[in-house]
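Analysis of the macromolecular model
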Amino acid sequence: MSDDKQIVSRLKGFLLRREVIITAVIVALLTFLLITRGVPMILTIFIDFAIFAIVTLSLNLEVGYTGISQFGRVLAVMAGAFGAGAIPGRVMAAIMGLPWGASYAEATVNFKLVPQLTAVLEKSWFLSIVFLIFCLLVAALCGAGIGWLTSRPAIRLKEAYLGISLLAFGDLLMWIGHNWEPLVGATTSVYIPDPFRFVPGNRFQVVVITVFVIAFLIYFFINKLTHSPFGRTLKMVRDNEISAAAAGKDVVKIRTRSLMIGSAIAAIGGALYVIYTGAATAIGFTRLTWTFWPWAFMMLGGIGSNLGVLLGVFLLTILRSMITIFRFQVFGFLIQWGIDPTWLEFTLMGAVIIVVVLFLPHGLVPEKVEPVLPADRVQKVITNMSSRGRFLT
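Because the structure is predicted, anything quoted here is derived from the model rather than measured.

For the coordinates displayed, the defined rule picks out 20 aromatic pairs. Ring geometry for F32 versus F326: centroids 5.9 Å apart, planes at 40 degrees, classification tilted. Of this pair, F32 sits in helix α2 (residues 18-37) while F326 sits in helix α15 (residues 306-331), placing them 294 residues apart in sequence. Residue class for F32 comes out partly exposed when judged on its relative accessible area of 36%. By relative accessible area, F326 is classed as buried at 14%. One aromatic cluster is present, formed by F52, F82, Y273, F285, W290, F292, W293 and F297 through successive ring pairs. The side chain of R320 reaches across the aromatic face of W293, ending 4.2 Å from its centre.

Here it is as C-alpha cells:
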C-alpha cells in the first residue's frame, strides 16, 4: 500500500511541475490550431519556433550563463544572414564561370543568376546538402568573427554601457548592408540559391523538418556545454567576476569565448532564416524582431534555463500567431472606438512581458541550482570527513 501511495505521490509531483503544465498547454493550443487552421499553420509555427529557439538559446548562453548585457543580438544574426547571402552563391558562381564579383549583388544580375545556380542544385541532392552545410559553416564563422570583435569592448565596458554599444553595432551593420550594394544588394535584396529545391512539391515540409532538427541539436549542444566545467565557469564569472579572477580564471578569455560561441549559433539561425525565405534583405533585420523578441522569449521562459527558453519560445510563438489570426474576430469591435486591432500583437505581447516581470521575475521555468556533485556523493564525502575528524564539532 505504501508503494502505491509513493507512486501516486511521485506521479502527482511530476504532473504539477511547471514544465509539464506548460508542455500540456502548448499541446492543447497546437491541437486547437490544427483543428481550426490545418497543418500549414502548425508548420509555420514550428519553423518560427525553431529559428527563434536557436537565436534565443544563443542569447541565453551569453546573458543567462555569462552575465553579458547582450542588447545587440541582431548583429550576429545579420552576420550569419549576410554571410550566407554573400559568400556561398559567389563561390558557386565562380566555379561555374558566372559573374561572382561586385556585380553578383546587383538586382538585374542576381535576379537572373540565382535561378541558374538553383537549377544545378535541384539536380543533385548531395550537392544541395553540401551547399547547405557550406552556408551554415560560413555563417558560423562570420558570427564567431563578429563575436570576437564585439568582445573587445566587452572587456572594458559593463552592463548598460556594453548593452548600448552592442545595440549601436547592430544598427551600424544593418545600415552598411542597406547602403553598400556589393554586400547583399543594398536597398533591394540578394537572392540565395535554394538547397531544398531537389524535393519537388515538399520543399516547405523539408525545410521545417531540417530547421527543427538543427534547433534541437543546438539545444542539446548548449545544454551539454552549460553542464560541463566550462558552463560552471561561465556561471562563476556571471555571479562574481572578482572571485573567478581570484580563482585563476581568465575572465576576459571566458567572456570572449562565450560571445564567439553564442554569436556563431545566432548566425546559424540568421542563415537558416534567409535560406528559408530565399533572400537576404538588410533592412529586414530590425532590433524589434531579432533583439527584442528573443529577450521577451528568454524572460518568459526563464533566464539561465535552457528548457525554460525552449518552452518560452514555443508558447510565445503560438500566442503571437493566435493574436495575428483571431485579432479581428475577437477584437473587431474596437474599430468603432478608433482602435485598430492590427497593433494588438505588440500591445498584448507587451502586457504579457509586464505580467511576467511583475509576477514571474524568474520566468516560467526558473534556473535550477545544481550542485557540482550529486547529493548522495556530497553526503558520502561529509560522512567520510566526519569519521576522520576533519570537521570541528
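There's plenty left to go through after this.
Moving on: the side chain of Q70. Relative to the helices and strands, Q70 is located in the loop between α3 (39-65) and α4 (73-86). Q70 gets classed as buried once you look at its relative accessible area, which sits at 2%. Among the polar contacts listed, one links the side chain of Q70 to the side chain of E62, at a separation of 2.6 Å. Within the structure, the side chain of Q70 is placed 2.9 Å from the backbone nitrogen of G72, a separation counted as a polar contact. If we skip the residues at most four places from it in the chain, Q70 touches L59, E62, V63, L166, L259 and W295.

Between two packed helices, what matters for the description is the angle formed by their axes and the separation of those axes. Here helix α11 (residues 229-239) crosses helix α13 (residues 251-277) at 115 degrees, and the two axes come no closer than 10 Å. The angle between the axes of α11 and α13 places the two elements in the roughly perpendicular class. For the element pair α11 and α13, the recorded crossing hand is left-handed. Between α11 and α13, the contacting residues are F230, T233, L234 and V237 on the first element and V251, I254, R255, R257, S258 and I261 on the second. By residue class, the composition of the contact of α11 with α13 is six nonpolar, two polar and two charged.

What follows is about the environment of T150. You can see T150 is positioned in helix α7 (residues 125-156). For T150, a relative accessible area of 4% gives the class buried. Once residues within four sequence positions are removed from consideration, T150 is found in contact with L75, L166, F169 and L259. Within the structure, T150 has its side chain in polar contact with the backbone oxygen of G147 (distance 3.0 Å).

Turning to α11, its buried residues number three or more, namely F230, G231, T233, L234, K235 and V237. Tucked inside the fold, the buried residues of α11 contact α3, α10 (203-226), α12 (241-246) and α13.

It is worth spelling out the nonpolar core at this point. Counting 96 residues, the largest nonpolar core has I26, L33, F82, F285, W290 and I318 as the members making the most contacts within it. When residues of this core are assigned to their parent elements, the largest contribution, 14 residues, is made by α3. Apart from residues no more than four positions distant in its own chain, F82 is found in contact with L173, G177, L183, V184, A282 and F285. One finds L61, L234, A244 and I254 within the second-largest nonpolar core, a separate group that totals nine residues.

What follows covers the state of the cysteines. Evaluation of the coordinates by the stated rule reveals zero disulfides. For C135, which is in no disulfide, the shortest distance to another cysteine sulfur is to C142 and amounts to 11 Å. With a relative accessible area of 25%, C142 lands in the partly exposed category.

All right, on to the pattern of salt bridges then. Counted according to the given criterion, the structure contains eight salt bridges. D239 is paired through a salt bridge with R238; the nearest N and O atoms lie 3.0 Å apart. Looking at D239, the relative accessible area reads 55%, which means it is exposed. A relative accessible area of 26% means that R238 is categorised as partly exposed. Look at the salt bridges and you will find they share partners, linking K235, R238, D239 and E367 into a network.

Calculation notes
- Along every chain, residues carry numbers that run from 1 in the direction the sequence is written.
- Thresholds applied to this predicted model are a pLDDT of at least 70 for local features of residues and 80 or more for the giving and counting of side-chain atom pairs; totals over whole chains, interfaces and linings are not thresholded and use all residues.
- Side-chain figures throughout are based on the complete set of non-hydrogen atoms in the structure, without hydrogens or water.
- A pair of Phe, Tyr and Trp rings is counted when the ring centres sit within 6.5 Å of each other, with Trp represented by its six-membered ring. The angle between the planes then sorts it: under 30 degrees is stacked, over 60 is edge-to-face, the rest tilted.
- Secondary structure follows DSSP: runs of H or I at least 4 residues long count as helices, runs of E at least 2 residues long count as strands, and numbering of each begins at the N terminus.
- The buried label goes to any residue with under 20% of its type's maximum accessible area, the exposed label to any with over 50%, and the partly exposed label to all in between, with areas taken from a 1.4 Å probe on protein chains only.
- Sitting over a ring, as applied to charges here, requires NZ of Lys or CZ of Arg to be within 6 Å of the ring centre and within 35 degrees of the ring normal.
- Distance and chemistry together define a polar contact, namely a pair of N or O atoms within 3.5 Å, with one atom able to donate a hydrogen and the other to accept it when in protein, and with adjacent residues in sequence counting only for side-chain atoms on both sides.
- In this description, contact between two residues means that some pair of their heavy atoms is separated by no more than 4.5 Å.
- For helices, the fitted axis covers only the stretch in contact; all axes are lines through C-alpha atoms, and the angles between them, taken along N-to-C directions, range from 0 to 180 degrees.
- Reported orientations rely on four angle classes, namely roughly parallel under 35 degrees, roughly antiparallel over 145, roughly perpendicular from 65 to 115, and oblique for the rest.
- By convention the crossing between two helices is left-handed if the near helix lies anticlockwise of the far one by an angle smaller than a right angle, and right-handed if it lies clockwise.
- For this scheme, ten residues count as nonpolar: Ala, Val, Leu, Ile, Met, Phe, Trp, Tyr, Cys and Pro. Four count as charged, namely Asp, Glu, Lys and Arg, and the remainder, Gly too, count as polar.
- The term nonpolar core refers to a set of buried residues drawn from Ala, Val, Leu, Ile, Met, Phe, Trp, Tyr and Cys, joined through side-chain atoms within 4.5 Å.
- A pair of cysteine sulfur atoms is labelled a disulfide when the two atoms are within 2.5 Å.
- Basic side-chain nitrogens of Lys or Arg form a salt bridge, by our definition, when they fall within 4 Å of a carboxyl oxygen of Asp or Glu.

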